[in-house]
Amino acid sequence: MRPSNEAELAEFVASADGPLRIEGGGTRDIGRPVAGTKLSTANLSGISLYEPGALTVVAAAGTPLAEIEGKLAAEGQRLAFEPMDHRELLGTAGTSTIGGVVAANVSGPRRIQVGACRDSLLGVRFVDGMGRVLKNGGRVMKNVTGYDLVKLMAGSWGTLGVLTEVSLKVQAIPEAVGCVLVNGLSDVDAVAAMSAALGSPYDVTGAAHAPSGVDGHPVTMIRIEGLEASVAYRAAKITELLEKLGGEVLVERDPTKVGAGWAWVRDVALMQGQAGDVWRVSVKPSDGPEFVAKLRAKHADVSVLYDWGGGLVWIQVAEGTDVRAELFAGHATLIRGSELTRSTIPVFQPEPAPLAALSTGLRAKFDPRGILNAGLMG
């Protein structure tokens, strides 16, 4: 089913006599395999409002992400949260849509400075599991009064409702960019370096570490953005700070090269086209290297990429490996795995009983028939 407008989508949902598999552009095949009739929002497309002066854009959920980014770039603006493109990592085709980005709360390296996708989200329109059209700040239902619908919908993966429209705040593209590179650090020293940079007053917008970078050697990356003179000054200061920790320190100022390097981090290019499962693990930065060391002690061919100053660890392991067995704190999401792996290992971090009860209660309010992406997160 490919409704052409919100009213048609609401009718489809209201009249559904079985489970629905919600899809935007089909680029993010994550979660438990979902059975049901496919309901695509791809035809709900178009930017309905863009006010560069107000730093605001409103678009239908099926609008291609590339269309929005192109429109913003023409005005010297961008989506601050730097959404990841999952296609190469997951081996999927299709076109990434803004509704899919919001539904999955997709957030890239700049999250450490500007927050996640949900923090840029200003408003939503969606159709719930009964076919009712809801709008954040507009129609208020008796059973949902007091809920922050924006925050609920971001990262709900279509289990609470089918997004039809989103409004987002945007930001100006900075005049200049630079990246301080430190070669040869161990995982432990790299986390210390990233923590030092993030704890400095120099406004870091990206902090990542690859134990095996593009050239096969360890590289730690610290990004800074802003006015030309400010970037030059902060790059010099961060260089001074990190030289004390050892390793070879370089500064890259070519915007094309810096952009390519951070796209490599954002889209987890290290693990694209490689065999094995891919996990996205959130940990306290200081715990990351120990967690990785435990995994490497028990499993061969473990690939790793640290982002968010070490708070996000991408892990590639042999198919069927449950990395949560070595995770003493934090949470892990299976991003790429075979259908068998996704069916046998919980894809999303199991919730503590009180939180699981809240989640179940929310789904019962918004989708009492249990037809929207049923089982995807369970």
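Predicted model, so just to flag it, every value in this text is computed and none were measured.

A. Local environment of helix α9 (residues 228-243). Spanning 16 residues, α9 covers 23 Å between terminal C-alpha atoms, matching the ideal 22 Å at 1.5 Å per step. Inspection of α9 places V231, R234, A235, I238, T239 and L242 among the buried residues, and these make up the whole buried set. All buried residues of α9 lie within an arc of 145 degrees about the axis, which places them on one face of the element. Those residues of α9 that are buried lie in contact with β10 (176-183), α8 (187-198), β11 (204-210), β12 (219-226) and β13 (248-252).

B. Inspection of the packing of aromatic side chains at higher detail. Per the counting criterion, the structure on display carries three aromatic pairs. Both rings, one in F126 and one in F366, keep their centres 6.1 Å apart while their planes meet at 50 degrees; by these two values the pair is tilted. Of this pair, F126 sits in strand β6 (residues 121-127) while F366 sits in helix α13 (residues 353-366), and the two are 240 residues apart along the sequence. Here F126 matches F366 in class, with each residue buried. Look at W157 and F348: their rings are 5.7 Å apart centre to centre, the planes differ by 65 degrees, and that puts the pair in the edge-to-face class. Residue W157 is located in the loop between α7 (149-153) and β8 (162-169), and its partner F348 is located in the loop between α12 (339-344) and α13; the two are separated by 191 residues in the primary sequence. Comparing W157 with F348, the two get one shared label, buried.

C. Molecular detail of the pattern of salt bridges. Taken as a whole, this structure holds 13 salt bridges when the rule is applied. A salt bridge links R87 to D85; the nearest nitrogen and oxygen atoms lie 2.7 Å apart. Of the charged contacts in the structure, one is a salt bridge between D267 and R266, with a shortest N-O distance of 2.8 Å. Taken together, the shared-partner salt bridges in this structure form one network comprising R78, E82, R110, R223 and E225.

D. Structural context of the side chain of R28. Its place among the elements puts R28 in the loop between β1 (20-23) and β2 (37-40). For the buried residue R28, which engages in no salt bridge, the nearest side chain bearing the opposite charge is D85, 5.9 Å off. A polar atom in the side chain of R28 sits 3.0 Å from the side chain of H86.

E. Quick look at the packing of α8 against helix α11 (residues 288-298). It is the contact of α8 with α11, at a shortest axis distance of 9 Å, that shows an interaxial angle of 160 degrees. The orientation of α8 with respect to α11, classified from their angle, is roughly antiparallel. The crossing of α8 and α11 is right-handed. Along the contact surface, α8 presents D187, V188 and V191, while α11 presents P289, V292 and R296. Here the residues of the contact of α8 with α11 sort into four nonpolar, no polar and two charged.

Cut-offs used in this document
- Residues numbered from 1 in each chain as written.
- Predicted model: local features only at pLDDT ≥ 70, side-chain atom pairs only at ≥ 80, totals over all residues.
- Heavy atoms only, no water.
- Helix = DSSP H or I, 4+ residues; strand = E, 2+ residues; numbered from the N terminus.
- Expected span 1.5 Å × (residues − 1).
- Buried < 20%, exposed > 50% of the residue type's maximum accessible area, 1.4 Å probe, protein only.
- Arc of directions from axis to C-beta.
- Contact = heavy atoms within 4.5 Å.
- Phe/Tyr/Trp six-rings, centres within 6.5 Å; stacked < 30°, edge-to-face > 60°.
- Salt bridge = Lys/Arg side-chain N within 4 Å of Asp/Glu carboxyl O.
- Lys, Arg positive; Asp, Glu negative; His and termini not counted.
- Polar contact = N/O pair within 3.5 Å; in protein donor to acceptor, adjacent residues only side chain to side chain.
- Axes fitted to C-alpha atoms, helices over the stretch in contact; angles between N-to-C directions.
- Parallel < 35°, antiparallel > 145°, perpendicular 65-115°, else oblique.
- Left-handed = near helix turned anticlockwise from the far one by under 90°.
- Nonpolar A, V, L, I, M, F, W, Y, C, P; charged D, E, K, R; others polar.

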